[in-house]
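Structural features, examined
In case you want the letters, here they are:
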Amino acid sequence: MPGISSVAVGIIGTGGMGTRHAVNLHAHIAGAHVAAVYDCDAPRARQAAAQCGSPLVLDDPLALIHDARVDAVLLASPDATHAAFVHECLRCQKPVLCEKPLATSLTDAIDLVAAEDAVGRQLIAVGLMRRFDPYHLAVRDVVTSGQLGRPILYKGIHRNASIPYDARGAVVLTNSAGHDVDAVRWLLGQEVGEVFVRGVRSHRLFSDDAADLLLLQLMLGDDCLAALEIYVGAEYGYEVAVEIVGERGTATTGQPDHAIMRWHGARSAAVPQDWLARFQTAYVAELNAWVRSVQTGEPFAGANAWDGAQALLITDACVQSLHSGQPVTVHAPARPAIYR
Ligand code: ISE
């Protein structure tokens, strides 16, 4: 779509994340506007529309994808619907920003990569927004500058205040840990070769099969480790942090700046309660980069379908490890030319 002055975006799914994207697009992104929205809950779609310039409210997601008034699609519907909608976007060759995960099964993700490869150019962007977070970008700059020497350990924490879905380990891995394994690949510039995962339920009142606190141990090449805590029932708030240990030093994501308050004999700082608050800057930067890529026809600077599929390849191995109690080897397939 090179030359287009304002990209008409159709949004599928206007829950918390979709509405945040709609409002961000409307309020913060030059060169794009919300042209249409769809949600299976029509009043919710109308509510979102009222907050982003009163675009069309459509009652069929496939009609939205095919609508000639929509140039590009932003997908924030439930995870299980992603693969089918992305396929539809590829069929009519429309750029799509799909919230993570790209799909809920590895097979579906591999099919999407093959379908995009057959189209011959990148149309799929995946919403792995940590790649646009200023704190993560600062760490990446230090790592790629070589000042720390060779990275030898990635330590990550990822805590959610409450569980937004069922707390079984497989869902936690696909829906939440996908961010972490993507951040490992992106920050270290290396592929994961082996995973080992343990999980427990954090609260005894959770069902017996809950595993909302997971420890992931990853091996990258022969000489680099990653240790990830994924804890989605943390109650006190939402936190994501990373420390990279190199041969000669470390780099850590500073926490977002909040006022330190001294009051009633205590010193405290607020903790964000969810990802919408913690990653607002990243969501806006991600949208900006996506809109520019649609306007210029250049590949998106964030995660592409290949990255989305790699996240599923690794979390799929993590599910196997969690269930078997054994380390699992990850075999990365050859990367198609359009992603090189
Ligand atoms: C949620 O879907 C997100 O994308 C958040 O960034 C993540 O922290 C959370 O665990 C997911 O459920």
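Placed above this text is the structure.
Residues numbered from 1 in each chain as written. Predicted model: local features only at pLDDT ≥ 70, side-chain atom pairs only at ≥ 80, totals over all residues. Heavy atoms only, no water.

Section: the site of the ligand
Residues in contact with the ligand, as listed here, are Lys100, Met129, His158, Asn160, Pro164, Tyr165, Asn175, Ser176, His179, Tyr238 and Trp275. Within the side chain of asparagine 160, an N or O atom sits 2.6 Å from an oxygen atom of the ligand. A distance of 2.6 Å separates an oxygen atom of the ligand from a polar atom in the side chain of serine 176. Starting from 300 Å² of accessible surface for the ligand in isolation, the protein chains cover 93%. The pocket occupied by the ligand, as judged from atoms lying within 2 Å of grid points, is the largest pocket. The element best represented in the shell around the ligand is helix α7 (residues 169-188), accounting for 3 residues. Of the residues assigned to the shell around the ligand, the class counts are 5 nonpolar, 5 polar and 1 charged. (Near = heavy atom within 4 Å. Polar contact = N/O pair within 3.5 Å; in protein donor to acceptor, adjacent residues only side chain to side chain. Areas by Shrake-Rupley, 256 points an atom, 1.4 Å probe, with all protein chains shown as cover. 1 Å grid on protein atoms, 1.4 Å probe; cavity = no way out; pocket = protein on both sides within 12 Å on 5 of 7 lines; lining within 4 Å. Sits in = over half its atoms within 2 Å of the grid points. Helix = DSSP H or I, 4+ residues; strand = E, 2+ residues; numbered from the N terminus. Nonpolar A, V, L, I, M, F, W, Y, C, P; charged D, E, K, R; others polar.)

Notes on the sheet that holds strand β6 (residues 124-127)
A sheet is described by the order of its strands in space; here 7 strands give the open sequence β3-β2-β1-β4-β5-β6-β15, paired in mixed fashion. If you trace the sheet from one side to the other, it starts and ends with β3 (56-57) and β15 (303-304), each paired once. In this sheet, strand β2 (residues 32-38) lies alongside strand β1 (residues 7-12) in parallel orientation, the contact comprising 6 bridges. Residue pairing in the sheet places valine 7 in a bridge with alanine 32 of β2. (Pairing = 2+ DSSP bridges.)

A few points about the sheet that holds strand β7 (residues 151-159)
Judged by pairing direction, the sheet is mixed, and its 7 strands sit side by side in the order β12-β11-β7-β10-β9-β8-β16 without closing on themselves. A single partner strand is all that each edge strand has here, and the edge strands are β12 (250-252) and β16 (328-329). Bridge count between strand β8 (residues 192-200) and β16: 2 bridges; the pairing is antiparallel. Pairing of valine 195 across the sheet is with valine 328, part of β16. Against the sheet, helix α6 (residues 134-145) engages β7, β11 (239-246) and β12, with an angle of about 5 degrees to β11. In this fold helix α10 (residues 305-324) packs onto β8, β9 (213-220) and β16, with an angle of close to 50 degrees to the strand it touches most, β8. (Contact = heavy atoms within 4.5 Å. Axes fitted to C-alpha atoms, helices over the stretch in contact; angles between N-to-C directions.)

Let's talk about the layout of surface pockets
Its boundaries defined by the atoms lining it, the largest pocket holds a volume of some 710 Å³. With 5 residues, α7 is the single largest residue contributor to the lining of the largest pocket. Looking at side-chain class alone, the lining of the largest pocket contains 15 nonpolar, 14 polar and 5 charged residues. Reported here for the second largest pocket is a volume of approximately 260 Å³. Around the second largest pocket, the lining comprises 15 residues; the ones closest to its centre are Pro95, Gln122, Leu123, Ser293 and Glu298. Of all the elements in the fold, those that place two or more residues in the lining of the second largest pocket are β6 and α9 (280-296). Considering each element in turn, the lining of the second largest pocket owes the most residues, 3 residues, to α9. (Points joined across faces, edges and corners; volume = space filled by probe spheres on them.)

Notes on the side chain of threonine 19
Within the secondary structure, threonine 19 is located in helix α1 (residues 16-28). Polar side-chain contacts of threonine 19 include one of 2.9 Å to the backbone oxygen of threonine 14.

Quick notes on the pairing of strand β13 (residues 260-263)
As paired elements, β13 and strand β14 (residues 266-269) share 4 bridges and run antiparallel to each other. Its bridge partner being in β14, arginine 262 is matched across the sheet by arginine 267.

Let's talk about the environment of valine 142
Examined against the element boundaries, valine 142 turns out to sit in helix α6. Other than its neighbours up to four places away in sequence, valine 142 contacts Gln147, Leu148 and Ala251.

Side note on the nonpolar core
Leu102, Tyr154, Val184, Val195, Leu216 and Leu218 are the most contacted members of the largest nonpolar core, which totals 72 residues. Broken down by element, the residue count for this core peaks at 11 residues, all from α10. Discounting chain neighbours no more than four positions away, the residues touching leucine 102 are His82, Ala83, Ala109, Leu112, Ile124, Val126, Ala305, Gly308, Ala309 and Leu312. (Core = buried A, V, L, I, M, F, W, Y, C linked by side-chain atoms within 4.5 Å. Buried < 20%, exposed > 50% of the residue type's maximum accessible area, 1.4 Å probe, protein only.)

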